[in-house]
Amino acid sequence: MVPQSAAASGNVVNDSVVIGDVTVYTATVGGPRWTSGQDVVVEHGRITAIGPKAGAGRSLPTVDASGGHLIPGFVNTHTHLQQSVLRGAGEGLPLLEWLHCVGEFTVAATPEQTYAAALAGGLELLRGGVTTVVEHMWPNPSAAVHDAALRALHELGIRVVFGRGLADRADASRRWGMDPRLLQPLSEVFAHIDTLDARLADTRVTTALAVPNPRCLTPEGMAAVRDYADRTGKTISIHLLETRTDEDMCRAHASCSAVDYLDRGGLLGPRTLAVHCCHLDEYGRGLFAERGVAVSYNPLSNMRLGSGVAPIPAMLAAGIGVGLGVDGAASNDTQDMLLALRMGAYLQRVTHARADLLGFDDMMRMATRGAAAALGGSDGPVGIAVGDRADLTLLRFDRDFACLPVRDPGATVLTTASPRVVDTVWVDGEAVLRDGRSTRIDEPALTKLLLDMQ
């Protein structure tokens, strides 16, 4: 167990602050813009005022942010934190072979390994400016494994949508089903989620349903998942069309496309987050738009595994909400959201031979609000506004000469920024990262823990 501060132990934390004299990425009627010389006042986890000298006369702790740039915290819409101790695994393997490689670790994972992996991956996310993560756990019958991941995430203070894995079709090949060793009756999975919900009330963690892919649910399983999700209002996160395997297997075994298979099962709706969708065709995009399905775009993982290029411009043109994800650290090998921001734009530009695709404002929408509706939130204006939850990231470009001089803050974030420039991260107004380091855990102890696992 890594030593932690009083904040991670559940004691009262400071959720009010004035972030003084900062340049803010501000939400305005005409679109987001950078506004300099602003005070951002946070009281009890919410932004209550933004303006020059707005913090004057208030008896609140003050951070001198002069020279810094304040942006909304990123929402990483997809990862597998358990893979953070598997960096480089299966390098050069295509998806199905890679899944077999990683799958053996998933079966053998212990609570201790899971705790260390979630702590390391979660801290890396914070260092990249992420304040909310959608964690997609693989199915696992061990409550202790889930508890270990949740304990680590609670200690870090990051906001979490915790996808509890589930499946009901067994197939050791993983082509038309899930590894039988990881299966558990769906009724037991739903009961476990109910128990977690009761325990996690009034924390920064909410639960969701994590489906490995369409091939892992029978029609009866889809009906059960749909009914439970409808009753509880849960998000359903599901890998879909990462490669052509979903399509091929659904046509071979169900005589329909992967998209139609899910639609017939009632799993396409406004709380569905479809992950990857590299091979989502025009028909599928139209159906997603009609059903209100959102997509998680994971460019680095798709490049690493050679899965394909998601048709993001066509999705956006169809009216589909698109969020940004990093995916697990065994298929991306980092949890660097700033790198995903950059490569997400660049991959589309080279694919479409257009340098004007997906600029900073477009990518910020994707990285902060793009999939909000599927996660139960608001897909409102991009940028920081009064009334927002105080999930914020302070950037200091002078921490890295590669970002200097700053001619255009947005261009700098998109093209050169790295975790080196992330100074402070607030979640609910609490500084969980300060001067680039966790305020809640003993980082040298975590480093030793990870080295001992080699």
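All of these numbers come straight from a predicted model, not from anything done at the bench.

With that settled, the discussion passes to the side chain of S296. With respect to the helices and strands, the residue S296 is situated in strand β12 (residues 294-297). In this view, S296 contacts T77, H78, L273, A274, V275, H276, G323, L324 and G325; residues no more than four positions away in its chain are not counted.

This next bit is on the environment of G68. Considering the arrangement of structural elements, one finds G68 in the loop between β4 (62-64) and β5 (69-72). Spatially, the C-alpha atoms of G68 and D21 are 8.4 Å apart, while their sequence positions differ by 47 residues. Not counting residues up to four positions away in its chain, the partners in contact with G68 are V22, T23, L394, L395 and R396.

Another aspect to go through is the domain arrangement of the protein chain. Accessible area lost on assembly of the parts is the figure often given for the size of an interface. Segmentation of the protein chain into domains returns domain 1 (17-72 + 381-438) and domain 2 (74-375). With 32 residues of domain 1 at the interface, the matching set in domain 2 holds 29 residues. Both sides together, the interface formed by domain 1 and domain 2 hides about 2,400 Å², and carbon and sulfur atoms give 59% of it. Across the domain 1-domain 2 interface, the total number found is five salt bridges. Applying the counting criterion to the domain 1 and domain 2 interface returns 12 residue pairs in polar contact (both at pLDDT 80 or more). Looking at the side of domain 1 that touches domain 2, the elements that each hand over two or more residues are β5, β14 (392-395), α13 (409-415), β15 (422-427), β16 (430-434) and β17 (437-438). Along the lines of polarity and charge, the residues of the side of domain 1 that touches domain 2 split into 18 nonpolar, eight polar and six charged.

The next thing to look at is the pattern of salt bridges. A pair can form between side chains of opposite charge whenever their charged atoms are brought close. Applying the stated criterion to the full structure yields 29 salt bridges. Between D179 and R181 there is a salt bridge, with the nearest N and O atoms lying 2.8 Å from each other. Residue classification places D179 among the buried residues on the basis of a relative accessible area of 3%. A salt bridge links R226 to D227; its shortest N-O distance comes to 3.2 Å. D227 gets classed as partly exposed once you look at its relative accessible area, which sits at 43%.

This part is about the packing of aromatic side chains. Under the defined criterion, the tally for this structure stands at five aromatic pairs. Ring geometry for W176 against Y261: centres 6.0 Å apart, planes inclined by 50°, an arrangement best described as tilted. Of the two residues, W176 sits in the loop between β8 (159-165) and α4 (186-200) while Y261 sits in helix α7 (residues 258-264), which places them 85 residues apart along the sequence. The buried category is assigned to Y261, whose relative accessible area is 6%. Aromatic pair F190 and Y228: ring centres 4.4 Å apart, planes at 10°, arrangement stacked. Placement of F190 in helix α4 and of Y228 in helix α5 (residues 219-232) is noted, with a sequence separation of 38 residues between them. Assessed through its relative accessible area of 11%, F190 is described here as buried. Residue classification places Y228 among the buried residues on the basis of a relative accessible area of 2%. Among the aromatic residues, those joined into a ring-pair cluster are Y25, W34 and F360.

The next subject is the state of the cysteines. Tallied over the entire structure, the rule returns zero disulfides. Among the cysteines around C216, which has no disulfide bond, C250 carries the closest sulfur, lying 10 Å off. With no disulfide of its own, C278 lies closest to C277 among cysteine sulfurs, the gap being 7.9 Å.

Moving on, we get to the nonpolar core. Formed by 97 residues in total, the largest nonpolar core has its most connected members in L166, L240, F288, M315 and L324. It is helix α3 (residues 143-156) that contributes the most residues to this core, seven residues altogether. Counting residues domain by domain, this core receives three or more from each of domain 1 (17-72 + 381-438) and domain 2 (74-375). If we skip the residues at most four places from it in the chain, F288 touches L240, V259, L268, A274, C277, L280, V293, V295 and I320.

Burial analysis of β8 places seven of its seven residues in the buried class, which makes it a mostly covered element. Judged by which residues are buried, β8 turns out to be covered on both faces: R159, V161, G163 and G165 on one side and V160, F162 and R164 on the other are all buried. What joins strand β7 (residues 130-136) to β8 is α3, and the crossover it makes is right-handed. Relative to strand β9 (residues 205-211), β8 runs parallel, the two being bridged by six bridges. The residue bridging G165 from the neighbouring strand is A210, located in β9. In this fold, the crossover linking β8 to β9 by way of α4 has right-handed handedness.

A few words on unusual backbone geometry. Note: most residues except glycine have negative phi, and most peptide bonds are trans. Look at the link from L404 to P405: it is a cis peptide, with omega at -5°. Position of P405 among the secondary structure elements: in the loop between β14 and α13. A positive phi is found at D202, a non-glycine position, where the angle reads about 65°. Here D202 is to be found in the loop between α4 and β9.

As a further point, take the side chain of H146. Within the element layout of this structure, H146 appears in helix α3. Side-chain polar atoms of H146 contact the side chain of R164, separated by 3.5 Å. Filtering out sequence-adjacent residues up to four positions away, H146 remains in contact with M137, N140, F162, R164 and H192.

When the UniProt feature table is mapped onto this chain, "domain: Amidohydrolase-related" (unreviewed entry) is found at residues 70-432. The distance from the first to the last C-alpha atom of residues 70-432 is 15 Å, and the span holds 40% helix and 17% strand.

So, about α5. In a regular helix each residue adds 1.5 Å, so 14 residues correspond to 20 Å; α5 covers 20 Å between its end C-alpha atoms and thus fits that length. Buried residues in α5 make contact with α4, β9, β10 (236-240) and α7. Just beyond α5, the residue with positive phi is G233, at close to 70°.

What counts and how
- Residues numbered from 1 in each chain as written.
- Predicted model: local features only at pLDDT ≥ 70, side-chain atom pairs only at ≥ 80, totals over all residues.
- Heavy atoms only, no water.
- Helix = DSSP H or I, 4+ residues; strand = E, 2+ residues; numbered from the N terminus.
- Contact = heavy atoms within 4.5 Å.
- Domains from an automatic or database assignment.
- Buried area = accessible area lost by both parts, 1.4 Å probe.
- Salt bridge = Lys/Arg side-chain N within 4 Å of Asp/Glu carboxyl O.
- Polar contact = N/O pair within 3.5 Å; in protein donor to acceptor, adjacent residues only side chain to side chain.
- Nonpolar A, V, L, I, M, F, W, Y, C, P; charged D, E, K, R; others polar.
- Buried < 20%, exposed > 50% of the residue type's maximum accessible area, 1.4 Å probe, protein only.
- Phe/Tyr/Trp six-rings, centres within 6.5 Å; stacked < 30°, edge-to-face > 60°.
- Disulfide = S-S within 2.5 Å.
- Core = buried A, V, L, I, M, F, W, Y, C linked by side-chain atoms within 4.5 Å.
- Right-handed = clockwise from strand over helix to strand, strands pointing away.
- Pairing = 2+ DSSP bridges.
- UniProt positions renumbered as here; feature names shortened; annotations may be inferred.
- Expected span 1.5 Å × (residues − 1).

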